[in-house]
Amino acid sequence: MKTVFSPRELARAIGVSESSLKRWVDDGRLEVTRTPGGHRRIPFEAAVRFLRDNELELADPAALGLTEVARVSSERATEDPADLLHELLIAGDAEAARSLVLTSFIKGASVAEICDGALRDAMSKIGTLWRDDPKGIFVEHRATDICLEILRSLRLGLRIEEDAPLAVGGAPEGDPYAIPSLMAATVLGSLGFKATNLGPDTPADTFLRAAKETGAGLVWVSVSSVADAGRLGQHLAWLARELALIDADLIVGGRDLERLGLGDDLPHRFFGDTMTDLAGLGRRILAARA
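Residues numbered from 1 in each chain as written. Predicted model: local features only at pLDDT ≥ 70, side-chain atom pairs only at ≥ 80, totals over all residues. Heavy atoms only, no water.

Peer 1: Quick one: what's the story with the layout of surface pockets, residue by residue and with numbers?
Peer 2: If you add up the space inside the largest pocket, you get close to 710 Å³. Lining the largest pocket are 27 residues, with Met123, Tyr177, Pro180, Ser224 and Arg255 positioned closest to its centre. Where the lining of the largest pocket is concerned, the elements lending two or more residues are α7 (111-126), α8 (136-156) and α9 (179-191). When residues of the lining of the largest pocket are assigned to their parent elements, the largest contribution, six residues, is made by α7. (1 Å grid on protein atoms, 1.4 Å probe; cavity = no way out; pocket = protein on both sides within 12 Å on 5 of 7 lines; lining within 4 Å. Points joined across faces, edges and corners; volume = space filled by probe spheres on them. Helix = DSSP H or I, 4+ residues; strand = E, 2+ residues; numbered from the N terminus.)

This is the structure:
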């Protein structure tokens, strides 16, 4: 994926003159870096923020490296985004899938909306393929890898300040799922947190150690599939008590919580089973700590 653009490339992408774009740079409306020779260069994340903040349309997506958007938009515009993404993931068309999601983000969709919408729906369908199709596991693993890359691309487009509040998190020990935790990190990043994703199968003491070493005030645990509810409950209760000693919040959520029957009496907060739930709780925590 291309990560930096010239003023000419970005101007072509949004259908304006290069001189207009340079004026926006000189006015401070658009962040740039400089090459050793003094030429302006626009990082991907700055370009995305500029497009989103100013609600600008993409006239030439290929100029931003979104080479498949024009084809997808013209041929499949009437299709449900989740159905289209599902088809692209089944086919292993990583570039088209990435282009589809990034274009939705550039047009103003929130990270939580994208995660709870097309990404979640498409991967839920793919997760059942193995029951009827011998190649289902291969397709699911390939689609998972594509989704992880899409989420990493979304994170590049987020504005994270140097003094942003810190968060760490992951999936608990015994939980192999990587996508939900990276979704959580990306959603929290979209709220202004500097989020460190520890990934799947993370022991409870690793969450605590990470919080202490980074100084994080928020720890998330994303539960997608855990076999032993009693063990997880014990680990979460211990972790919540330890985090309270360093003034850090523990929040827990995920699709497997209802099945596990973890009670609200545990000393932590649930964010439900959607990224929208997490975003709401994250905003409340930010407001309380302001």
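Text resumes after the structure shown.
Peer 1: So what about the environment of Leu10? Which residues, and what values?
Peer 2: Considering the arrangement of structural elements, one finds Leu10 in helix α1 (residues 7-14). For the pair Leu10 and Ala47, spaced 37 residues apart in sequence, the C-alpha separation works out to 7.5 Å.

Peer 1: Summarise the environment of Pro172; cite the residues concerned and give the values.
Peer 2: The topology assignment puts Pro172 in strand β4 (residues 166-172). We classify Pro172 as buried; its relative accessible area is 5%. Separated by 59 residues in the primary sequence, Pro172 and Arg231 place their C-alpha atoms 11 Å from one another. Contact partners of Pro172, with chain neighbours within four places excluded, come to Asp201, Thr202, Phe207, Val221, Ser222, Val223, Val226 and Leu232. (Buried < 20%, exposed > 50% of the residue type's maximum accessible area, 1.4 Å probe, protein only. Contact = heavy atoms within 4.5 Å.)

Peer 1: Go over unusual backbone geometry with me, naming the residues and quoting the values.
Peer 2: Despite not being glycine, Glu55 shows a phi value in the positive range, around 50°. Considering the arrangement of structural elements, one finds Glu55 in the loop between α3 (44-53) and α4 (69-76). One non-glycine residue with positive phi stands out, namely Asp201, at about 55°. By secondary structure assignment, the location of Asp201 is in strand β5 (residues 194-202).

Peer 1: Tell me what's going on with the nonpolar core, and back it up with residues and numbers.
Peer 2: Among the nonpolar cores identified, the biggest contains 70 residues, and Leu89 and Leu188 are the most heavily contacted of them. With nine residues, α7 is the largest single contributor of residues to this core. If near-sequence neighbours (up to four positions away) are discounted, Leu89 is found in contact with Ala97, Ala122, Met123, Ile126, Arg142, Ala143, Ile146 and Cys147. One finds Leu232, Leu239, Ala248 and Leu260 within the second-largest nonpolar core, a separate group that totals 20 residues. (Core = buried A, V, L, I, M, F, W, Y, C linked by side-chain atoms within 4.5 Å.)

Peer 1: Before we move on, can you summarise the sheet that holds strand β1 (residues 4-5) with the specific residues and values?
Peer 2: Taken together, three strands build an open sheet; the order of strands is β1-β3-β2 and the sheet is antiparallel. Where the open sheet ends on each side, the last strands, each with one partner, are β1 and β2 (33-34). As judged from the two bridges shared by β2 and strand β3 (residues 40-43), these two strands associate in the antiparallel manner. Counted as the bridge partner of Thr33 is Arg41 from β3. Of the strands in this sheet, β1 and β3 touch α1, which is tilted by about 55° from β3. Each of β1 and β3 touches α3; the most contacted strand, β3, lies at about 75° to it. (Pairing = 2+ DSSP bridges. Axes fitted to C-alpha atoms, helices over the stretch in contact; angles between N-to-C directions.)

That is the geometry; function is a separate question.
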